[in-house]
Amino acid sequence: MALIDLANPTRFLSFVERAMPWLIAATLFAFAIGLEQALFVAPDDYQQGATVKIMFLHVPSAWLAMFCWGLMTVAALGTLVWRHPLADVAAKAAAPIGAAFTFLCLFTGSMWGRPMWGTYWVWDARLTSVLVMFIMYLGIIALWRTVEDPSDAGRAVAVVTLVGAVDLPIIKFSVDWWNTLHQPASIVRLGGSTIDKSILVPLLATAIAFTLLFVTLHFAAMRNEILRRRVRSMLMLQARAQGG
């Protein structure tokens, strides 16, 4: 099946039906490997102790929180520029998942910050910009629920998503632009990762597991949204027939 064929909702549903068992199996396997690496292979930090293992929840959640908004940004362009039939479906399906990952990022960050910084929260540039993204996620979800027609809602959400994408570089480079408590980039950086392999390998394993979880949840949510819209269209046609 060519990638362009997935633009057809019926073919996409068929693809998801076949891929879902494999995705679920791969996700469970990846989490088994990730948990084994995080709990039994990764050592405690000489300063932070076992608290450092919060990283294996916090960092993948942070990555995926930003990735979800990036995906929604591409979908917004697909809605406004290319009129892709599944673009707004992808955006709507990604918003609650992105909000959940952003909340998990903020929560685990607070749990990690308490023993390290002595407080659950500071108005640090990185923390504040992520909180702004979480609020924007909630606003996007509310906007989808407020506008009844999916096409109108998709266009409105696309505009808001593109505006909100300004927050992504702010989150990424906030530790470089301002003096913050949050540590600077230590994995994706020009000079290479500064994290020892004993921590880096388990971190990448958990990141792969979380990414597979996102793909699985996103495909399932897109499938449900397509079916929901089909039911809505059938009900509207039925109501018009009865009214006629």
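Above this text sits the structure in question.
To start, this report covers the structure provided alongside it.

Reading the values: rules and limits
- Residues numbered from 1 in each chain as written.
- Predicted model: local features only at pLDDT ≥ 70, side-chain atom pairs only at ≥ 80, totals over all residues.
- Heavy atoms only, no water.
- Patch = residues over 30% accessible without salt bridge, like charges linked within 9 Å, V, L, I, M, F, W, Y side chains within 5 Å.
- Areas by Shrake-Rupley, 256 points an atom, 1.4 Å probe, with all protein chains shown as cover.
- Salt bridge = Lys/Arg side-chain N within 4 Å of Asp/Glu carboxyl O.
- Helix = DSSP H or I, 4+ residues; strand = E, 2+ residues; numbered from the N terminus.
- Axes fitted to C-alpha atoms, helices over the stretch in contact; angles between N-to-C directions.
- Parallel < 35°, antiparallel > 145°, perpendicular 65-115°, else oblique.
- Left-handed = near helix turned anticlockwise from the far one by under 90°.
- Buried < 20%, exposed > 50% of the residue type's maximum accessible area, 1.4 Å probe, protein only.
- Core = buried A, V, L, I, M, F, W, Y, C linked by side-chain atoms within 4.5 Å.
- Contact = heavy atoms within 4.5 Å.
- Expected span 1.5 Å × (residues − 1).
- Bend = angle between axes of the 7 residues up to and from the residue.
- Phe/Tyr/Trp six-rings, centres within 6.5 Å; stacked < 30°, edge-to-face > 60°.
- Lys NZ or Arg CZ within 6 Å of the ring centre and 35° of its normal.

**A look at a nonpolar patch on the surface**
Link 1 in the chain: Taken together, the side chains of Leu-35, Leu-39, Phe-40 and Val-41 define a hydrophobic patch exposed on the protein surface, amounting to about 430 Å² of accessible area.
Link 2 in the chain: Along the chain, Leu-39 falls in helix α1 (residues 9–41).

**Quick word on the packing of helix α2 (residues 55–80) against helix α3 (residues 87–117)**
Link 1 in the chain: Put simply, α2 and α3 touch, their axes get as near as 7 Å, and they point 155 degrees apart. Judged by the angle between their axes, α2 and α3 are roughly antiparallel. The handedness of the crossing between α2 and α3 comes out as left-handed.

**Side note on the pattern of salt bridges**
Link 1 in the chain: Throughout the structure, instances matching the rule amount to six salt bridges.
Link 2 in the chain: One salt bridge in this structure joins Arg-229 and Asp-88, with 2.9 Å as the shortest N-O distance. Taken together, the residues span a long stretch of sequence, with Arg-229 in helix α7 (residues 197–243) and Asp-88 in helix α3 at a distance of 141 residues. The same class applies to Arg-229 and to Asp-88, which are both buried.
Link 3 in the chain: Close ionic contact of Glu-225 with Arg-228 constitutes a salt bridge, the shortest N to O distance being 2.5 Å. Of this pair, Glu-225 and Arg-228 both sit in helix α7, separated by three residues, roughly a single helical turn.
Link 4 in the chain: A residue is classified by how much of its surface remains accessible, and Glu-225, at 4% relative accessible area, is buried.
Link 5 in the chain: For Arg-228, a relative accessible area of 47% corresponds to the partly exposed category.

**Points about the nonpolar core**
Link 1 in the chain: One finds Trp-69, Met-72, Phe-101, Met-133, Tyr-137 and Ile-140 to be the most contacted residues of the largest nonpolar core, which totals 27 residues.
Link 2 in the chain: Looking at this core, the elements with two or more residues in it are α2, α3, α4 (125–146), α5 (150–164), α6 (167–177) and α7.
Link 3 in the chain: The dominant element in this core, judged by the number of residues it contributes, is α3, at eight residues.
Link 4 in the chain: Filtering out sequence-adjacent residues up to four positions away, Ile-140 remains in contact with Trp-69, Met-72, Ala-95, Val-157, Val-160 and Thr-161.

**Quick notes on α3**
Link 1 in the chain: Its 31 residues place the ends of α3 42 Å apart at the C-alpha level, agreeing with the 45 Å of an ideal helix rising 1.5 Å per residue.
Link 2 in the chain: Bending of α3 peaks at approximately 30 degrees at the position of Ala-95, with proline Pro-96 no more than four residues after it.
Link 3 in the chain: Immediately downstream of α3, the backbone of Gly-118 shows phi near 85 degrees, a positive value.

**Quick word on the packing of aromatic side chains**
Link 1 in the chain: What the rule picks out here adds up to nine aromatic pairs.
Link 2 in the chain: A ring pair is formed by Phe-12 and Phe-219, whose centres lie 5.7 Å apart and whose planes are at 85 degrees; its orientation type is edge-to-face. Taken together, the residues Phe-12 in helix α1 and Phe-219 in helix α7 connect sequence positions 207 residues apart. Summarising the burial analysis for this pair, Phe-12 and Phe-219 share the class buried.
Link 3 in the chain: Aromatic rings pair up to connect Phe-12, Phe-15 and Phe-219 into one cluster.
Link 4 in the chain: A cation over a ring is seen here: Arg-114 above Tyr-120, with NZ or CZ 5.6 Å from the ring centre.

**Let's talk about unusual backbone geometry**
Link 1 in the chain: Within the chain, Arg-83 stands out as a residue other than glycine whose phi angle is a positive 55 degrees.
Link 2 in the chain: Examined against the element boundaries, Arg-83 turns out to sit in the loop between α2 and α3.
Link 3 in the chain: Given the relative accessible area of 57%, Arg-83 is considered exposed.

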